[in-house]
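Chain and residue survey
Each chain, written out:
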Amino acid sequence: MSKEFLKWLEEEDPLGLDEEITTIIFKCLDCGKEDEVPDFVVEEFQFDLEKHEEVEVVCPFCEGTMRRAKKNPK
């Protein structure tokens, strides 16, 4: 690899590794535990959904169904 290329890799972030990842809190309908899911993953799951459908993911704790946690009204 050329020194110029290696220098470019050090100065730039061509793969987006330094970008901050925004997450969305999901809550399991079965065990009640919460987990963070990156927003880009949620966007991918929303692609094929109808307007009234919610994104569902598998709970890493009990393998139940997780949905976006509802915000507590203050």
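Please read these numbers as outputs of a predicted model, since none were measured by experiment.

Of regular secondary structure, the chain possesses two helices and four strands. For the chain, the sequential pattern of α-helices and β-strands runs α-β-β-α-β-β. Counting only residues that meet the buried cut, the chain has 14% of its 74 residues in that class. Sequence-distant contacts in the chain: of pairs separated by 6 or more residues, those separated by 24 or more amount to 42%. For the chain, the accessible area works out to roughly 6800 Å², and carbon and sulfur atoms hold 49% of it.

Turning to the sheet that holds strand 1 (residues 23–28), a few remarks are in order. In space, the four strands of this open sheet follow the order 2-1-4-3, with antiparallel pairing throughout. Taken across any chain shown, the strands that pair with only one partner, and hence form the sheet edges, are strand 2 (34–38) and strand 3 (56–58). Pairs of neighbouring strands in the sheet enclose a mean axial angle of 40 degrees, with direction left out of account. Against the sheet, helix 2 (residues 39–46) engages strand 1, strand 2, strand 3 and strand 4 (65–68), with an angle of about 80 degrees to strand 2.

This next bit is on the pattern of salt bridges. Evaluated as defined, the whole model comprises two salt bridges. A salt bridge links Arg 67 to Glu 56; the nearest nitrogen and oxygen atoms lie 2.6 Å apart. Here the residue Arg 67 occupies a position in strand 4, and Glu 56 occupies one in strand 3, the gap between them amounting to eleven residues. A residue is classified by how much of its surface remains accessible, and Glu 56, at 40% relative accessible area, is partly exposed.

For the rest of this paragraph, the subject is unusual backbone geometry. A positive phi angle, near 65 degrees, is found at Glu 63, a position not held by glycine. Relative to the elements of secondary structure, Glu 63 occurs in the loop between strand 3 and strand 4. A residue is classified by how much of its surface remains accessible, and Glu 63, at 69% relative accessible area, is exposed.

Cut-offs applied
Residues numbered from 1 in each chain as written. Predicted model: local features only at pLDDT ≥ 70, side-chain atom pairs only at ≥ 80, totals over all residues. Heavy atoms only, no water. Helix = DSSP H or I, 4+ residues; strand = E, 2+ residues; numbered from the N terminus. Buried < 20%, exposed > 50% of the residue type's maximum accessible area, 1.4 Å probe, protein only. Contact = heavy atoms within 4.5 Å. Areas by Shrake-Rupley, 256 points an atom, 1.4 Å probe, with all protein chains shown as cover. Pairing = 2+ DSSP bridges. Axes fitted to C-alpha atoms, helices over the stretch in contact; angles between N-to-C directions. Salt bridge = Lys/Arg side-chain N within 4 Å of Asp/Glu carboxyl O.

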